[in-house]
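# Report on the structure
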Amino acid sequence: GFTILPDNSDAKSLFQATEAELQQLALGAGQFWEPADAHSDVDVDIVNPGTDTFGGAVVTVGERVLLLGQTDATENGIYLFVSSGVAMTRALDASDDAEFTPNKTVQVLRSAEEGIAGATFAYTGIDAPAVDSVSLPFALKSQGVVGDNSITEGKLAAALAAVLEAKTDKYVETVTTDSNGYATINHTLSS
């Protein structure tokens, strides 16, 4: 079999993924930060957190906390917890501009607030933002931990493949011929 795309350029632009869209989907795939122990989707005073509980999960010295609900979104990111009265600092692997790539993920291992055993979030901002100066948005990608508490390249590749297939298979026809030369056309034209 082979694939035929429609000749109408307007139809193509409506239904086909652009190269830029596909590149954006693939950007950051397979990239992830070390897991965080907890997260907070409400504003936290970074200088003096006043608590050791984030998202319903209690953390201890040196544990990682994903802050994604800061009133000042430039403060979002992954931090290290010291104690309730000591300033939190950005985790070393999430403190530099180049460490932020769209779709890069972080798994949160504990999340009592959600009533689940964790969650996975993805950074949804611009590539290589000026950390502490530009908004650092994160979005929930899945609830619960990923299988064995790890995010693997294979799991991310499978998820990306599913998204790419859905995006690129909206207006494709497949033509096959049988031994007598008769053609069978399968399409997604809703007709």
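Just so it is clear, the structure is predicted and the values come from calculations on it, not from any experiment.

In this section: the sheet that holds strand β8 (residues 105-108). If you walk across this open sheet you meet the 3 strands as β8-β9-β10, and the pairing is antiparallel. Every interior strand has two partners, whereas the edge strands, β8 and β10 (138-143), have only one. Neighbour to neighbour, the strand axes of the sheet diverge by 25° on average, direction disregarded. Bridge analysis of β8 against strand β9 (residues 119-123) gives 4 bridges, and the strand direction is antiparallel. In the sheet register, Q107 faces β9, and the bridge partner there is T120.

We now examine the pattern of salt bridges. In the structure shown here, the tally under the stated rule is 4 salt bridges. Across the salt bridge formed by E63 and R110, the nearest N and O atoms sit 3.0 Å from each other. Residue E63 is located in the loop between β4 (57-58) and β5 (64-67), and its partner R110 is located in the loop between β8 and β9; the two are separated by 47 residues in the primary sequence. Between D132 and R90 there is a salt bridge, with the nearest N and O atoms lying 2.9 Å from each other. Pair noted here: D132 is in the loop between β9 and β10 and R90 is in strand β7 (residues 89-90), with a separation of 42 residues, a long-range link. By relative accessible area, which is 52% here, D132 ends up exposed.

Rules and cut-offs
- Residues numbered from 1 in each chain as written.
- Predicted model: local features only at pLDDT ≥ 70, side-chain atom pairs only at ≥ 80, totals over all residues.
- Heavy atoms only, no water.
- Pairing = 2+ DSSP bridges.
- Helix = DSSP H or I, 4+ residues; strand = E, 2+ residues; numbered from the N terminus.
- Axes fitted to C-alpha atoms, helices over the stretch in contact; angles between N-to-C directions.
- Salt bridge = Lys/Arg side-chain N within 4 Å of Asp/Glu carboxyl O.
- Buried < 20%, exposed > 50% of the residue type's maximum accessible area, 1.4 Å probe, protein only.

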